[in-house]
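# Inside the fold
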Amino acid sequence: MRRARRALVGLGLCALTWPAALATAQSSATPPPAARIEVAAAMTVGATSPLGGATAALTPNTGGPAFTLFTADADYRTPLGAELRVSYRLAPWLLAGILGSVSLGDIRVVIGADAEGARPPAFTGERLGQASVEARIDRFATRWTAWRGRLVPYGMVSGGVFRQWHDDRLLIDTGSLIQAGAGARYDLARRPRRRLARLGAGAEVRLTRVIGGFHWGRERRTVPSARIELFSGWGQ
Amino acid sequence: MRALRLAVVILTLGGACVSLEAYLKYGVRVNDRQIALRWARQPIRYFTRSSVPAGLTLSGFEAAVGRACATWAAVPSASVSFQHVGTIHSLPFEQDGATVLGFLDRPDMDRVLGATTYVVDVLTGEIVESDIFFNTAFPWSTAPAGEPGRFDLESIALHELGHLLGLGHSALGETELRPIGGRRVIAAEAVMFPIAFAAGNTEGRRLRADDVAGVTDLYESASNRGDWGSVSGRVTKDGRPVFGAHVVAFHPASGSLVGNFTLGSDGGFAIAGLQPGPHILRVEPLDDADLTSFFSADRDVDVAFAPTYYDRFAVVPRRGNAGPFEIKVVAR
């Protein structure tokens, strides 16, 4: 857990500091058009994450071993989601913005060790929805561009809060999350001196540190995820 | 005329017993309605019988009973209180208007550690008197840490006081048949399980989630009103309702287990006093205690089915009910 946290913090610091260190060399790179406002829509997919387990136990009689009626282990399987981001370009290599996201995944519960050998089902049909609001910063490595500056790598960090609900709309829990990752964006179209100045697509991978939400003992967990987006840049 | 409205009921711990319609709580049927037995006035005033068996002291007996009363009274979600009025010479089970806890010598009841009687107003369900006896045929202890080979009086008093409050037996336990007859508890997760832990064991001094759910259902405190939820549904086998199935709701976030039975003619069940959140529902046949510990002998309890899980969560809402769910079991 501590190692994962260190890696997360390290990745976040890297994302924040490396473009700044490279800023002095930017004059030799082709800067992207300075669209002030960016609006992006993205699709996300998360990895399956274990949520912990629980044991339905009875108190044993004198001298008896611990008695387990059954065990239940849960994980959250490959949530698919959508994001909408609005960012403001603070510098050619720096974006700051807010994003909202919704995602939906399956909770799978595996029952085991039934004391009477009951046929264990796997609860695969349970859906858990999540909505989040986050603040996000993107820093672009403008020195490492390719294809005449159209392809730009970047690092990102974001953080925010989320709410989860069960498929019958009963609120289950709330929590917070911090994300850090890296990706690359490609400008599909550049339109200098036009209101819609840029159109592009990007992809990134990231690690999400989730605190709270639905869980059975694993309140803090780190989940990898991937994201692809289409973005547009507005204004000069 | 009041005597015509009153009925006496005996409940026991440890063996052959007579029970009413079982649930987390007992009830009386008035016209077409089932009314839960409960005390209408509190604190519940009780006396202790002055005679105690050799090896015990009256003060030790009264202290053990007092601790058991305090344990029920300490449930934050329920409003229950007791008052020890004093010592009395009259016997438990005498219908004298006084609630008495005391020892009786009943060697004929060789599997009964204790028993509770009610005098109830059958029109309102109000408990007007309740007596508890402890059988001197068994060795007892009131020692704070218990004593090997002696039954812990505080534990047994806690169980009988649960009956005194109106609670029925819980089926949250596993047992095995003894070669000499009767059953031995392997494990239990409710003070209100009908068979006691072995002599010397003091685990019965601690209320479990099932006990708390029961007393909360009966005496929910105003300050906690609405903080709990419930789940309901029905159990069917080959499309037909199952009577007497034991349904357990497990709350993984807290590890708590709360159970109840299918009682309706439609195989319906309801489990109240649950913490909000997802629960796993498991149904099992009632085969870990004598059926008469839960139901009257004339009820046709179905035990010929395999333990089964409901294949979805039951998400219990705060101040609401989850369900109805249909849990389909198969014959075995």
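This one's a predicted model, so the numbers in the text were calculated from it and none came from an experiment. (Residues numbered from 1 in each chain as written. Chains lettered and ligands numbered in written order. Predicted model: local features only at pLDDT ≥ 70, side-chain atom pairs only at ≥ 80, totals over all residues.)

### Some remarks on the overall build of chain A
Counting its secondary structure elements, chain A contains 1 helix and 9 strands. For chain A, the sequential pattern of α-helices and β-strands runs α-β-β-β-β-β-β-β-β-β. Burial statistics for chain A: of 236 residues in total, 35% are counted as buried. Here the contacts in chain A between residues at least 6 apart in sequence split such that 67% fall between residues at least 24 apart. (Helix = DSSP H or I, 4+ residues; strand = E, 2+ residues; numbered from the N terminus. Buried ≥ 20, exposed ≤ 12 C-beta atoms within 10 Å, placed from the backbone. Contact = placed C-beta atoms within 7 Å.)

### Concerning the interface of chain A and chain B
Tallying the contact residues gives 25 residues for chain A and 31 residues for chain B. Every element with two or more residues in the side of chain A that touches chain B is listed here: strand S2 (49-60), strand S3 (67-91) and strand S5 (122-140) of chain A. Broken down by element, the side of chain A that touches chain B gets its largest block of residues, 5 residues, from S2(A). Broken down by class, the residue content of the side of chain A that touches chain B amounts to 15 nonpolar, 6 polar and 4 charged. Alignment of S2(A) against strand S12 (residues 183-188) of chain B, held across 2 bridges, turns out to be antiparallel. Opposite A:Thr59, over in S12(B), you have B:Ala188 as the bridge partner. (Nonpolar A, V, L, I, M, F, W, Y, C, P; charged D, E, K, R; others polar. Pairing = 2+ DSSP bridges.)

### Focus on unusual backbone geometry
B:Pro43 follows B:Gln42 through a cis peptide bond whose omega is 5°. Structurally, B:Pro43 is set in the loop between strand S3 (33-36) and strand S4 (44-49). The omega torsion of the bond from B:Gly323 to B:Pro324 falls at 5°, within 30 degrees of zero and hence cis. Topologically, B:Pro324 is positioned in strand S21 (residues 321-329). Not every positive phi belongs to a glycine, and A:Ala113 is a case in point at roughly 55°. Examined against the element boundaries, A:Ala113 turns out to sit in the loop between strand S4 (94-112) and S5.

### Structural notes on helix H2 (residues 58-73) of chain B
Residues and elements named next belong to chain B. Taking 1.5 Å per residue as the helical rise, H2 with its 16 residues ought to reach 22 Å, and the 22 Å between its terminal C-alpha atoms agrees with that figure. Buried residues of H2: Phe-61, Ala-64, Val-65, Ala-68, Cys-69 and Trp-72, and no others. Take H2 and look down its axis: the buried residues cluster within an arc of 135°, on one side only. Turned more than 90 degrees away from the buried face of H2, the exposed residues are Ser-59 and Ala-70. (Expected span 1.5 Å × (residues − 1). Arc of directions from axis to C-beta.)

### A look at the pairing of strand S18 (residues 277-284) of chain B
All names here are of chain B. Across the 8 residues of S18, 8 count as buried, placing the element largely inside the fold. In this structure, S18 lies alongside strand S20 (residues 314-316), joined through 3 bridges in antiparallel fashion. The residue of S20 that forms the bridge with Pro-278 is Val-315. Strand direction decides the pairing type here: S18 and strand S19 (residues 308-309), joined by 2 bridges, are antiparallel. Looking at S19, one finds that Arg-282 is bridged to Tyr-309.

### Points about the domain arrangement of chain B
Residue and element names in this part refer to chain B. Partitioning chain B into structural domains gives domain 1 (2-216) and domain 2 (227-329). Look at where the C-alpha atoms of domain 1 and domain 2 centre, and you get two points 25 Å apart. If you look at the interface, domain 1 gives 24 residues, while domain 2 gives 22 residues. Elements represented by at least two residues in the side of domain 1 that touches domain 2 include exactly strand S11 (173-177) and helix H4 (209-219). A total of 6 residues in the side of domain 1 that touches domain 2 trace back to one element, the largest contributor, which is H4. (Domains from an automatic or database assignment.)

### Overview of the confidence of the model for chain B
In low-pLDDT regions, the fine details of the predicted coordinates are not to be read closely. Residues and elements named next belong to chain B. The predicted model of chain B averages 86 in pLDDT, with 91% of residues at 70 or higher. Predicted confidence for residues 1-6 stays below pLDDT 50, and this span has 7 contacts to residues more than four positions away or in other chains. For the stretch residues 12-23, pLDDT sits under 50, and the model shows 45 contacts to residues farther than four places along the chain or on other chains. Confidence estimates for the predicted assembly give a pTM of 0.81 and an ipTM of 0.87. (pLDDT = per-residue confidence, 0-100.)

### Description of the confidence of the model for chain A
All names here are of chain A. The predicted model of chain A averages 84 in pLDDT, with 83% of residues at 70 or higher. Helix H1 (residues 2-22) is the least confidently modelled element of chain A, averaging 41 in pLDDT, while strand S1 (residues 37-46) averages 97, the highest of any element. Below pLDDT 50 for its whole length, residues 1-29 participates in 36 contacts with residues either more than four positions away or in separate chains.

### Things to note about the nonpolar core
One broad rule of soluble globular proteins: the nonpolar side chains tend to lie buried together. Formed by 102 residues in total, the largest nonpolar core has its most connected members in B:Val215, B:Val247, B:Ala249, B:Ile271, B:Leu274, B:Leu281 and B:Ala314. Here this core gets 7 residues from one element, more than from any other, and that element is helix H3 (residues 153-165) of chain B. Looking at which domains feed residues into this core, each of domain 1 (2-216) and domain 2 (227-329) of chain B supplies at least three. The next biggest cluster of nonpolar side chains, apart from the first, holds 8 residues, and it includes A:Phe140, A:Ala141, A:Val152 and A:Ala180. (Core = buried A, V, L, I, M, F, W, Y, C linked by C-beta atoms within 7 Å.)

### A short note on the packing of H2(B) against H3(B)
Residue and element names in this part refer to chain B. Direction vectors running N to C along H2 and H3 enclose 50°, while the axes themselves pass 8 Å from each other. In terms of orientation, H2 and H3 fall into the oblique class. The handedness of the crossing between H2 and H3 is right-handed. Residues Phe-61, Ala-64, Val-65, Arg-67, Ala-68, Cys-69, Thr-71 and Trp-72 of H2 form the contact with H3, whose own contacting residues are Leu-153, Glu-154, Ala-157, Leu-158, Leu-161 and Leu-165. By residue class, the composition of the contact of H2 with H3 is 11 nonpolar, 1 polar and 2 charged. (Axes fitted to C-alpha atoms, helices over the stretch in contact; angles between N-to-C directions. Parallel < 35°, antiparallel > 145°, perpendicular 65-115°, else oblique. Left-handed = near helix turned anticlockwise from the far one by under 90°.)

### Considering H4(B)
One turn of an α-helix holds 3.6 residues; hence residues three or four places apart share an orientation. All names here are of chain B. Counted residue by residue, H4 has 11 buried out of 11 residues, so it is predominantly covered. All of the buried residues along H4 are Ala-209, Asp-210, Asp-211, Val-212, Ala-213, Gly-214, Val-215, Thr-216, Asp-217, Leu-218 and Tyr-219. Its buried side turned inward, H4 meets S3, H2, H3, strand S16 (256-261) and strand S17 (268-274).

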